[in-house]
Amino acid sequence: MIFDEVTSGHEIAVLDLNGDGRVDIVANDNSRVSERSPNATPGVHVFFSPEDPATGEWSYVRIESEVAMNGCVGGDMNQDGRPDIICSGAGNMIKWYENLGM
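Residues numbered from 1 in each chain as written. Predicted model: local features only at pLDDT ≥ 70, side-chain atom pairs only at ≥ 80, totals over all residues. Heavy atoms only, no water.

Topic: the sheet that holds strand E7 (residues 93–97)
Strand pairing within a sheet occurs via backbone hydrogen bonds; the two strands may be parallel or antiparallel.
Phase 1: Read from one edge of the open sheet, three strands run E5-E6-E7, paired in antiparallel fashion. In this open sheet, the two edge strands, each paired with only one partner strand, are strand E5 (69–75) and E7. For this sheet the average axis-to-axis angle between neighbouring strands, irrespective of direction, equals 20°.
Phase 2: One ladder, built from six bridges, connects E5 with strand E6 (residues 84–89); its direction is antiparallel. Counterpart to Val-73 in the pairing with E6 is Ile-86. (Pairing = 2+ DSSP bridges. Helix = DSSP H or I, 4+ residues; strand = E, 2+ residues; numbered from the N terminus. Axes fitted to C-alpha atoms, helices over the stretch in contact; angles between N-to-C directions.)

Shown next as C-alpha cells:
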C-alpha cells in the first residue's frame, strides 16, 4: 500500500513529475469537508516513486486541499520540458498546476 488516507479517490494519473526516470502517481479526491465528513481530504495528492517502488518509501505532497477534484492528466502546458498537472474539479473548474521543478 502506498497511502490509505484519500477519502474519496476518483482517478489517478501516472507520469514522471520530477525527471528521475520513475513514474509518479497523481491521485485526485472528490470528497468535500462537511459536518458529516469533517476529515475529508479533497484535492490533489502526489506520490513520488522511490528507487524501488515495491519496497521503498514513497514521498507525498498534497498540492490542492481546498477544492474537490474529479480527474487529472499530465501535459507540458508551457513547453518548459516539465510535465504539469491539469485537473477538473468542483464548480466546473479546470485548474493547471505548473511544475516548477523539484
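Side note on the environment of Gly-43
Phase 1: If you trace the backbone, Gly-43 turns up in strand E3 (residues 43–48).
Phase 2: Gly-43 gets classed as buried once you look at its relative accessible area, which sits at 0%.
Phase 3: Put simply, Gly-43 and Asn-28 are 15 residues apart on the chain and 5.8 Å apart in space, counted from C-alpha to C-alpha.
Phase 4: What Gly-43 contacts, discounting residues up to four positions off in sequence, is Ala-27, Asn-28, Asp-29, Glu-64, Val-67, Ala-68 and Met-69. (Buried < 20%, exposed > 50% of the residue type's maximum accessible area, 1.4 Å probe, protein only. Contact = heavy atoms within 4.5 Å.)

Purely geometric numbers; function is a separate question.
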